[in-house]
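Each chain, written out:
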Amino acid sequence: MGAKHNRGFRKGCAAALCIVCGALAFWSSILLVSRWDDLWSAGDFYQSGSLYSALWPYRATVEQGMMLRLRETWGQDLEYLEELQLQQIEKKLRAEQTNYRFRVRLDDGTILWSNLDQEQTLDDLARQDTYSFTVTQGDELYNEDQSRWDNTDSYEILQVWTGEKYVEFSPVVPADAAGAGQYGYSYDTDMERWIWTEDQDSRVHTASLVVESGVTDPLTVRDSIWTAKENYDGIQNWLGPVTVLCLISLTLTLVGLVWLWRSIAFCSEESQMLPLSWQDRIPYELYLLGASFLFCIPQAAGDPITTNINQHGLSLRAVIGLGVLTMAEVGLVLAALMSTMKRWKNGILLRNTLCWHLCARVGHFFREVMLHWPITRRAVWIFLLYLVGTVLTGATIILIPVYQGLVLWGICRWVRQWKEIRSAAEEIVSGGSEVQIDTRGMYRDLKEHAQQLNALGVSITHAVEERLRSERFKAELITNVSHDLKTPLTSIINYVDLLKKVGITEPKALEYLEVLDRKSQRLKKLTEDLVEASKASTGTLPVSLERLDFGQLVQQAMGEYEEKFAQAGLTPVLDQGDGSRVILADGRHLWRVIDNLLGNCCKYALSGTRVYLDLSARDGRVFLTVKNISRAALNLPPEQLMERFVRGDTARSTEGSGLGLSIARSLTELQGGSFRLDIDGDLFKAEVSLPAAPEEPLSPPEQSGESEMLL
């Protein structure tokens, strides 16, 4: 509770610092900006902006007076008010009435007007300036000129306004044509119209004037320039302190803003989200509209105060009133700034707007409508909307690249999302079922497809884990059961062996003892096969790869099975093929694979048939193919035959256990090979493929001792 109170106190102090220093920074900045030129004049009034501002009215007065004087020179009568105005201007610009000095001349140097003393030159003045302007009079009379066609519509009659009346000129009368020339008109017979030239019109008077001006130094007359210098000298006394105050207040305002922001952000370090107040939840446009309305209230209240200051000068009451109103405005700006920053930090600056909500609702409506359309219809409508947008933006050159750029961005975004989905699908197909696609910001159709792939990956992962768990459980069960069977089975075998040595002579007892011995040995073989099948399928058997001659190993196995083949009525046929038959394999495991295949032939092959064994080498691998004719009908698929405890003899009348092919496949795969079965009617075909061994480098021949001596 105390920590929360301290944070609230810090926030209040930071806000107060920002408001007070912000108000000071505002008014000091206004004063500096209004006197910005004077700030850099280094105390020189004649180079300051104050003098420049004071000279502007004099320039305008000189130009106005010169125009009135030229009108008199050109013979135009001035009205009473204009004459009175000219007298006042000449009086104001006399040397004894002002510190402003000027001289007006033509381009040829003819002086028309000046207030310089006889002994005074422009070089004696400060802040010298030269500029030019042009005075034109009488061109407005041209706008009053008219023309009409004669009664026969043969030519155009000109009517010229002289300022008092209209004078007509006919192109068919030579005297009229010459008279129209003094007003700048000439008749074009080809175009049958009057052409006006301004330079030849006697009614138009033009004068190009040059004004050279300056200010006396020192000032001798109390005029507006004198007043400007007094104000300038007074400003220089407080301009430095105001500058320092502006810099300090701006710095403290920034410090207060940082302090206030850190005190607000400190409350959300754990959640990474800033706490929002009631005003931060108002739609942003409405919030800015309300803040602007509240901001206008202090401004309206401050207008009478500023008017009073301009008329009567500063007073304590006016300063306090402006200060309070300014701090209120700064507080409103600070609240709007903090609300904007919190909205931006939380990612709702645009989302919490009426325009966003309106566009979102409209977009959601159209998306829902389009999602119920077939995909072909949606594609057609999207293409038509693209064409409509192209036509609408084609009227303006600026919007064409913007619109086409947005369309291209949307297409690239779609392609990127589809590429991400396709890459994830490839990973899932390759076995990476744990891949997950980030569906944030995806188009709806692609998002649904990505979510389905994510669910598929999760399902595959669960299925694989369940399968592994089941396989592990079965392997442990087989191992444990086999281990539990071994102890009593060993005792049975030992007692059978002891009974054989007792010397039993009863024929019936000997027959029973023989059956007991045969069955116990079969059960022992079954338990050993179970353990080996379990280890082979789980990959826990050690494998030691070495170079072996596959052909020799097969010949050796056929030699050991020669008697068994003869008893089963089978004729083995071996084709060793051409090429190298050296492979990389584990001799003990490979022998077990060959033993299982040949034993399978002896158990299930049809008597009186041949067993074909073919060796071949291709594509960097060596293949052993075993083919025989099955005694019983093979109604099972090859994959099922390689499962545990599955036998081709569905009656299970033979001595097999149904583990031989499963063990052969597992041992082959442990050695980096492949095991495949094919069944074509009664033809049983098993193929074992193992990687061929790389050729060994030839060792250099050893030299005899005599050769070494000779060398």
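Reading the values: the criteria
- Residues numbered from 1 in each chain as written.
- Predicted model: local features only at pLDDT ≥ 70, side-chain atom pairs only at ≥ 80, totals over all residues.
- Heavy atoms only, no water.
- Axes fitted to C-alpha atoms, helices over the stretch in contact; angles between N-to-C directions.
- Helix = DSSP H or I, 4+ residues; strand = E, 2+ residues; numbered from the N terminus.
- Parallel < 35°, antiparallel > 145°, perpendicular 65-115°, else oblique.
- Left-handed = near helix turned anticlockwise from the far one by under 90°.
- Contact = heavy atoms within 4.5 Å.
- Nonpolar A, V, L, I, M, F, W, Y, C, P; charged D, E, K, R; others polar.
- Pairing = 2+ DSSP bridges.
- Expected span 1.5 Å × (residues − 1).
- Buried < 20%, exposed > 50% of the residue type's maximum accessible area, 1.4 Å probe, protein only.
- Polar contact = N/O pair within 3.5 Å; in protein donor to acceptor, adjacent residues only side chain to side chain.
- Phe/Tyr/Trp six-rings, centres within 6.5 Å; stacked < 30°, edge-to-face > 60°.

Q: When you look at the packing of helix 14 (residues 550-560) against helix 16 (residues 587-604) in this model, what are you seeing that I'm missing?
A: The description of two packed helices rests on the angle between their axes and on the distance between the axes. Axis separation between helix 14 and helix 16 bottoms out at 10 Å; the angle between their running directions is 45°. When the axis of helix 14 is compared with that of helix 16, the two are oblique. At the point where helix 14 passes helix 16, the crossing takes the right-handed sense. Note on element contacts: helix 16 touches helix 14 through L590, W591, I594 and L598, opposite F550, L553, V554, Q556, A557, M558 and E560. Class assignment for the residues of the contact of helix 14 with helix 16 results in 9 nonpolar, 1 polar and 1 charged.

Q: In this structure, what is going on with the pairing of strand 2 (residues 111-114)? I would like to understand it.
A: Side-chain direction in a regular strand flips from residue to residue, so the side chains alternate between the two faces of the sheet. For strand 1 (residues 100-106) and strand 2, the ladder comprises 3 bridges, and the chain directions are antiparallel. Bridge assignment links R103 to a residue of strand 2, and that residue is S114. Between strand 1 and the antiparallel strand that follows it, strand 2, lie 4 residues; G109 among them carries a positive phi value of about 100°.

Q: Is there a simple way to explain helix 16 in this structure?
A: Every α-helix carries 3.6 residues per turn, so stepping three or four residues along brings you back to the same face. If you check helix 16, its first and last C-alpha atoms are 26 Å apart, about what 18 residues at 1.5 Å a residue would give, namely 26 Å. In terms of residue burial, helix 16 counts as a mostly covered element, since 14 of its 18 residues are buried. Its side-chain oxygen 3.1 Å from the backbone nitrogen of R588, D586 forms the N-cap of helix 16.

Q: Mind showing me how you'd approach the environment of A14 here?
A: Inspection of the secondary structure assignment puts A14 in helix 1 (residues 2-34). The sequence separation of A14 and R262 amounts to 248 residues, and the corresponding C-alpha distance is 9.9 Å. Those residues in contact with A14 that lie beyond four places of it in its chain are G256, W259 and L260.

Q: Before we go on, may I ask you to explain the sheet that holds strand 3 (residues 126-137) in this structure?
A: Pairing between sheet strands relies on hydrogen bonds along the backbone, with the strands arranged either parallel or antiparallel. With respect to topology, 4 strands assemble into an open sheet ordered 2-1-9-3, the strand pairing being antiparallel. Edge positions in the sheet fall to strand 2 and strand 3, since each has one partner strand and no second. Neighbour-to-neighbour, the strand axes of this sheet turn through a mean angle of 20°, independent of strand direction. Sheet topology places strand 1 next to strand 9 (residues 205-215); 7 bridges connect them, and they run antiparallel. Among the inter-strand pairings, R103 is bridged to a residue of strand 9, identified as E212.

Q: Would you mind showing me how to read the packing of aromatic side chains here?
A: Throughout the structure, instances matching the rule amount to 14 aromatic pairs. With a centroid separation of 6.2 Å and an interplanar angle of 20°, the aromatic rings of W414 and W418 are classed as stacked. Taken together, the positions of W414 and W418, both in helix 11 (residues 399-429) and 4 residues apart, correspond to about one turn of that helix. With relative accessibility at 34%, the residue W418 sits in the partly exposed group. Considering the side-chain rings of Y561 and F565, the 6.1 Å spacing of their centres and the 45° angle between planes classify their relative orientation as tilted. Look at Y561 and you get buried, because its relative accessible area is 6%. Joined through ring pairs, the aromatic side chains of Y58, Y100, F102 and W113 make up one cluster.

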